[in-house]
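Chain and residue survey
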Amino acid sequence: MAVVGEGLHKVIKNGSIPQVTIHLLQLRAGQMLGSTYFTIRETGNLRRIGESEERITAVATWHDTTYFTDAERVALELVEAVLTPNPSGERVPDELYAKASAHYDDKALWTLIMAIAHIDFFTPAALIAKPIPGMPPGQNYSE
């Protein structure tokens, strides 16, 4: 599992997407999944890179705000589509993929997909094992 996690970390830090976008979409994923660990981790990451409290707080209601760029908005829309079951059709319709492709070149789009895969890869651990929020990796689980 560590090798896969390391590979995903390397891909999402390849520079094709701003790290702030990755943290924003991962914060939104944490909120949607009901994961305190992910929500606290990504809020802290966004603060560390200088994001405003308004933007961090507005992630939960990004549809109704003007705080995000069009590219950030499509990243948030994409993570919501992936994480929201759609009993009447596919989760990521062609129109959404086309919208994402208009904002991200091939490398960036795959980086965005891997950023979503990254959070999904660690979701079972966060929801089942309940890591301790605010603790560094490797020290974030109780015995």
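The structure displayed is predicted, hence computed values, not measured ones.

Brief notes about the packing of aromatic side chains
Applying the stated criterion across every chain, the model contains one aromatic pair. Pairing Y37 with F38 gives two aromatic rings, centres 5.8 Å apart and planes at 50°, and the pair type is tilted.

Notes on the side chain of Q26
With respect to the element layout, Q26 can be found in helix α2 (residues 19-33). Residue Q26 is classed as buried on the basis of its relative accessible area, which comes to 2%. Excluding anything up to four places from it in sequence, Q26 contacts I12, R41, E42, A115, H118 and I119.

Thoughts on the environment of E53
You can see E53 is positioned in helix α4 (residues 53-58). Taking relative accessible area as the criterion, E53 reaches 38% and is therefore assigned partly exposed. Linking E53 and T43, residues 10 residues apart in sequence, is a C-alpha distance of 9.2 Å.

How each quantity is defined
Residues numbered from 1 in each chain as written. Predicted model: local features only at pLDDT ≥ 70, side-chain atom pairs only at ≥ 80, totals over all residues. Heavy atoms only, no water. Phe/Tyr/Trp six-rings, centres within 6.5 Å; stacked < 30°, edge-to-face > 60°. Helix = DSSP H or I, 4+ residues; strand = E, 2+ residues; numbered from the N terminus. Buried < 20%, exposed > 50% of the residue type's maximum accessible area, 1.4 Å probe, protein only. Contact = heavy atoms within 4.5 Å.

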